[in-house]
Amino acid sequence: MIAGAPAAGKGTQCQRIVEKFGLVHVSAGDLLREEVAAGTSAGQRAKGFMDEGRLVPNEVVVGMVKARLACDDAQVHGWLLDGYPRSAEQAEAIQEAGIRPDIFILIEVPDEELVERVTGRRLDPETGEIYHMSFKPPPEAVVGRLVQRSDDTEDKLRTRLATHHANVAAVVGYYKDVLVQVNGARPMDEVFSNIDGALSAFVEDHVPAAAA
Ligand code: AP5
């Protein structure tokens with residue numbers, strides 16, 4: 001599992017983790033955005049909460065995440081769960097289903113750095129690549145098709161941050177035995193190097209050589 005404040009760099013690091021370790025990335029935010037884009041009843045319910053930067057109700061989120069984790073690809077290759085759980089209730093729900101992570105990564109970034117990260121973020125809808133206008137500038141050829149998330153404003157970030165701070169300690173409390181805290185206020189490569197070290201050590205200790 002990977003957690004952190006909004007725009008702390010979870011999605012950015014997940015892309016790298018997936019590339020190296022072959023896990024299936026399951027992002028609660030992406031699952032919800034897919035429902036919104038498809039106009040399903042779950043998506044219609046979620047949209048207002050997401051636009052305001054508030055947590056979508058558990059009856060929409062919990063079943064969605066559990067169903068995705070149960071899919072064959074996640075069961076075969078292992079999963080990397082991003083943005084779930086975000087409350088004690090969500091942690092409880094997944095625990096009751098017998099789902100626990102081998103490692104819980106918490107990316108820590110001071111609040112004041114997150115404003116610039118969130119307002120400068122741009123997404124490539126064709127490739128899923130995450131860019132930043134200053135920290136990871138997009139190549140000229142893709143600039144015209146980049147999009148900005150509707151909740152990526154300073155105002156909405158404040159609400160999202162308040163939600164994060166109100167819940168993070170309770171969530172971390174469920175995973176203290178497997179917690180890896182990472183300083184996310186460093187260049188992306190350095191953050192990844194830290195995460196890579198923790199995951200590689202786990203693989204070395206727990207996965208038979210032939211399967212690694
Ligand atoms: P979600 O999509 O999960 O958003 P979030 O948690 O706010 O996280 P972000 O996607 O904004 O940021 P990130 O940490 O992935 O950062 P990124 O790598 O892009 O959730 C959205 C909404 O859905 C929620 O508000 C809620 O309404 C709902 N929701 C989701 N999960 C839910 C749940 N479990 N229950 C209920 N509701 C839920 O990086 C950000 C920017 O910074 C990028 O531009 C990147 O290039 C740049 N960057 C990254 N790392 C660095 C670095 N080291 N240095 C400099 N720049 C960097």
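Residues numbered from 1 in each chain as written. Predicted model: local features only at pLDDT ≥ 70, side-chain atom pairs only at ≥ 80, totals over all residues. Heavy atoms only, no water.

Going by an unreviewed UniProt entry, the protein chain carries the name adenylate kinase and comes from Elliptochloris bilobata. The UniProt entry for the protein chain carries the following comment under Sequence similarities (unreviewed entry): "Belongs to the adenylate kinase family." (UniProt positions renumbered as here; feature names shortened; annotations may be inferred.)

Enquirer: Just to check I follow, could you spell out the pattern of salt bridges for this structure?
Expert: Oppositely charged side chains can form a pair if their charged atoms are brought close together. This structure, assessed with the given rule, holds 17 salt bridges. Across the salt bridge formed by D73 and R68, the nearest N and O atoms sit 2.8 Å from each other. Three or more residues joined by partner-sharing salt bridges are found here, namely R121, R149, D151, D152 and R160. (Salt bridge = Lys/Arg side-chain N within 4 Å of Asp/Glu carboxyl O.)

Enquirer: I'm lost on the side chain of D124 in this one. Help?
Expert: Among the structural elements, D124 can be located in the loop between β5 (121–123) and β6 (130–132). In this structure the side chain of D124 is engaged in a polar contact, spanning 3.2 Å, whose partner is the side chain of T127. Separated by 2.8 Å, the side chains of D124 and R145 make a polar contact. What D124 contacts, discounting residues up to four positions off in sequence, is E129, Y131, V142, R145 and L146. (Helix = DSSP H or I, 4+ residues; strand = E, 2+ residues; numbered from the N terminus. Polar contact = N/O pair within 3.5 Å; in protein donor to acceptor, adjacent residues only side chain to side chain. Contact = heavy atoms within 4.5 Å.)

Enquirer: I'm lost on the state of the cysteines in this one. Help?
Expert: Simply put, disulfide is the name for a covalent bond between the sulfur atoms of two cysteines. Under the defined criterion, the tally for this structure stands at zero disulfides. Free of any disulfide, C14 has its nearest cysteine sulfur in C71, 17 Å distant. The exposure class of C71 is partly exposed, given its relative accessible area of 32%. (Disulfide = S-S within 2.5 Å. Buried < 20%, exposed > 50% of the residue type's maximum accessible area, 1.4 Å probe, protein only.)

Enquirer: Honestly, the site of the ligand in this entry has me stumped. Any pointers?
Expert: Around the ligand there are 34 residues in total, and T12, R54, R86, R121 and R160 lie nearest to it. In this structure, G9 approaches the ligand through a main-chain N or O atom, which is 3.0 Å from an oxygen atom. One of the side-chain nitrogen or oxygen atoms of R149 is found 2.9 Å away from an oxygen atom of the ligand. Burial of the ligand by the protein chains amounts to 96% of its free accessible area of 1000 Å². When residues of the shell around the ligand are traced back to their parent elements, those giving at least two are α1 (10–21), α2 (28–38) and β6. For the shell around the ligand, the element with the most residues is α2, which contributes four residues. Partitioned by chemical class, the residues of the shell around the ligand number 16 nonpolar, eight polar and ten charged. (Near = heavy atom within 4 Å. Areas by Shrake-Rupley, 256 points an atom, 1.4 Å probe, with all protein chains shown as cover. Nonpolar A, V, L, I, M, F, W, Y, C, P; charged D, E, K, R; others polar.)

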